[in-house]
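Notes for the structure review
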Amino acid sequence: NQVSFKSQTLSVLVFPRKLKYLVMLHSGAGMSEPSPAAAPERLPFSQVTQEDLVFFKKILPGRTITDPDLLESSNVDWLKTVRGSSEVLLRPQTTEEVSQILSYCNSRNLAVNPQGGNTGLVGGSVPVYDEIILSTALMNNILTFDRISGILTCQAGCVLENLSLYLEERDYIMPLDLGAKGSCHIGGNVATNAGGLRLLRYGSLRGTVLGLEVVLADGRVLDCLATLRKDNTGYDLKQLFIGSEGTLGFITAVSILCPRKPKSVNVIFLGCETFEQLLQTFQLCRGMLGEILSAFEFLDSECMRLLVTHLKLPNPITECPFYVVIETSGSDPTHDQQKLHNFLEEAMASSLVSDGTVATEDSKIKTLWSMRERVTEALTHEGFTYKYDISLPVERIYQLVTDMRTHLGGRAKSVVGYGHVGDGNLHLNITSPAKDPALLAAIEPFIYEWTASCQGSISAEHGLGLKKRNYIYYSKPSQAVALMGNIKAMLDPKGILNPYKTLPDKLK
Ligand SMILES: O=C(O)CC[C@@H](O)C(=O)O
Ligand SMILES: [Zn+2]
């Protein structure tokens, strides 16, 4: 009645111990990647004058920042690949202040860069030229929480991790979890429709966000801050702003439906010999674990090499071509562990997995999660990283990695695949010792054509921002992009909100 891996005998599953609720470890920021985006021309916006500064300082005394040293971290993106030259950072606290600022900027034709925690990976969160940075950093109040429905309403600048901690004390959790949770803001998460590690279980923000308050480009406040599960009164306007990357409005508050905190959480780390076996493991997992499955993530042996070499994280099991992190979240530890045990027994009996380990203590759980969460950080030690975030039919996701290796024929330092198997979302990262235009020319448009040929998406969860916007036609028909342009023109006729982002340079 035991499952024996090379790395662990899982008798613990037969005689279950009580598990504590397990909080995942999240990695810090890193640096990498060149910007493949052609630099756009500066659009003819006004430049900030002394009179403008007088106006801003009157509305935001002490919160109008012009010191270049203080502006530096807001001008540069997390990957240190896009650098703007903004001379003004505004830090409003209220919706009314945001409204006054946008109304003024619109009348003066001043461009504005909405900014949350500045953790984006596609250059969407920083200015490109001298756009005014309008930050959510001081809009960080929780407004209401309904303990019966689990609906949380908060200002846009609340840090995701702080919301998680607030909810955990009340027996709830956020439906969203991602590596940058310690610094990203919920408003930015919604504006980019962030996906993360548990989308498989809790769905996307398009389902869990129930309401939004948004300030439009001309300062009008759109109050769609509903907390209703059902509301069929015509067009669902909030959906326009979810994933709009700050180009249609400035999100000031969010209502979100939160799941109950699970009573039992388990994490297992498995090794598979082939990607086919990994997919079969996923199938088996869905069938046998059912509703308690909360994450199914993978990394390949190249990721493991980077983790071991650069971050000195030891491989917790024997070497395998593929590794899987599976998390279960349920309400009954005995029931969950029994299910997990049955699944592991079956997976071993069918030779789908060759080794594995189960974490039952907080520290080991964190260690196992860090093998997945710290890959992005490990990559930053490789030199330049060309980053791709691709959505594909799940059975195709690793074929892109192997085809890319064949296609590049050793020109790259490493071609690394990892991501969210459960969501069909591959993170394909290609590294080289330094920026390499010839390598880039070999990767693109090959990768986009390959993705389009199987109706995939060139941006699964990171958005388009500055870097990917001109590739939009690989994933969207020109009529759809033209309609996006119409919506932009209607909501922001002067184009002051996050210019140079999301929409392509030229509409077809
Ligand atoms: O850095 C990347 O390519 C992926 C980052 C993030 O979306 C993740 O899933 O770890
Ligand atoms: Zn991801």
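Rules and cut-offs
- Residues numbered from 1 in each chain as written.
- Chains lettered and ligands numbered in written order.
- Predicted model: local features only at pLDDT ≥ 70, side-chain atom pairs only at ≥ 80, totals over all residues.
- Helix = DSSP H or I, 4+ residues; strand = E, 2+ residues; numbered from the N terminus.
- Rg over C-alpha atoms; globule rule 2.2 N^0.38 Å.
- Buried ≥ 20, exposed ≤ 12 C-beta atoms within 10 Å, placed from the backbone.
- Contact = placed C-beta atoms within 7 Å.
- Near = placed C-beta within 6 Å.
- Nonpolar A, V, L, I, M, F, W, Y, C, P; charged D, E, K, R; others polar.
- Core = buried A, V, L, I, M, F, W, Y, C linked by C-beta atoms within 7 Å.
- Pairing = 2+ DSSP bridges.
- Axes fitted to C-alpha atoms, helices over the stretch in contact; angles between N-to-C directions.
- UniProt positions renumbered as here; feature names shortened; annotations may be inferred.

It is worth spelling out the overall build of the protein chain at this point. Counting its regular elements, the protein chain contains 17 helices and 16 strands. Taking 508 residues into account, the globule formula puts the C-alpha radius of gyration at 23 Å, and the protein chain, at 23 Å, falls close to it. For the protein chain, the spread of C-alpha atoms along the principal axes amounts to about 75 × 55 × 45 Å. Relative to its 508 residues, the protein chain shows a buried fraction of 52%. Restricting the contact set of the protein chain to residue pairs at least 6 apart, pairs at least 24 apart contribute 77%.

Within the structure, ligand 1 sits among Leu 121, Gly 179, Thr 376, Lys 387, Asp 389, His 427 and Asn 429. Contributions of two or more residues to the shell around ligand 1 are made by strand 14 (384-391) and strand 16 (425-432). Of the residues assigned to the shell around ligand 1, the class counts are 1 nonpolar, 4 polar and 2 charged.

Next up on the list: the nonpolar core. Within the largest apolar cluster, 82 residues are counted, with the highest numbers of intra-cluster contacts made by Phe 296, Tyr 323, Val 324 and Val 325. Membership of the second largest hydrophobic core comes to 56 residues, among which are Val 48, Val 112, Phe 250 and Leu 497.

All right, on to the environment of Leu 138 then. For Leu 138, the location among the structural elements is in the loop between strand 4 (132-135) and strand 5 (142-146). Leu 138 sits in the partly exposed class, given 16 other C-beta atoms within 10 Å. Along the backbone, Leu 138 and Gly 157 are 19 residues apart, and their C-alpha atoms lie at a distance of 6.4 Å. When sequence neighbours within four positions are dropped, the list of residues in contact with Leu 138 reads Arg 63, Arg 91, Pro 92, Gln 93 and Gly 157.

Note: strands within a sheet are paired through backbone hydrogen bonds, in either parallel or antiparallel orientation. With respect to topology, 7 strands assemble into an open sheet ordered 13-10-12-11-15-16-14, the strand pairing being antiparallel. Across the chains shown, the open sheet's two edge strands, defined by having one partner strand only, are strand 13 (355-359) and strand 14. This sheet shows a mean twist of 15 degrees between the axes of neighbouring strands, independent of strand direction. Pairing analysis gives 5 bridges linking strand 10 (residues 264-272) to strand 13, with the strands arranged antiparallel. Bridged to Ile 268 within strand 13 is Val 358.

Mapped onto the secondary structure, Lys 366 falls in helix 12 (residues 362-373). The spatial distance from the C-alpha of Lys 366 to the C-alpha of Val 267 is 9.1 Å, given a sequence separation of 99 residues.

That bond from Glu 444 to Pro 445 is cis: its omega, 10 degrees, falls within 30 degrees of zero. Counting through the fold element by element, Pro 445 comes out in the loop between helix 15 (437-443) and helix 16 (446-453). The backbone phi angle of Asn 193 is positive, close to 50 degrees, even though this residue is not glycine. By the secondary structure assignment, Asn 193 is in the loop between helix 5 (186-191) and helix 6 (199-202). The phi angle at Ser 351 is positive, at roughly 55 degrees, despite the residue not being glycine. Relative to the assigned elements, Ser 351 resides in the loop between helix 11 (333-349) and strand 13.

On to the UniProt feature "domain: FAD-binding PCMH-type" (unreviewed entry) in the protein chain, then. Within this structure's numbering, the places UniProt gives as "domain: FAD-binding PCMH-type" (unreviewed entry) are residues 81-261. The span residues 81-261 is 23% helical and 22% strand by assignment, and the distance between its end C-alpha atoms comes to 38 Å.

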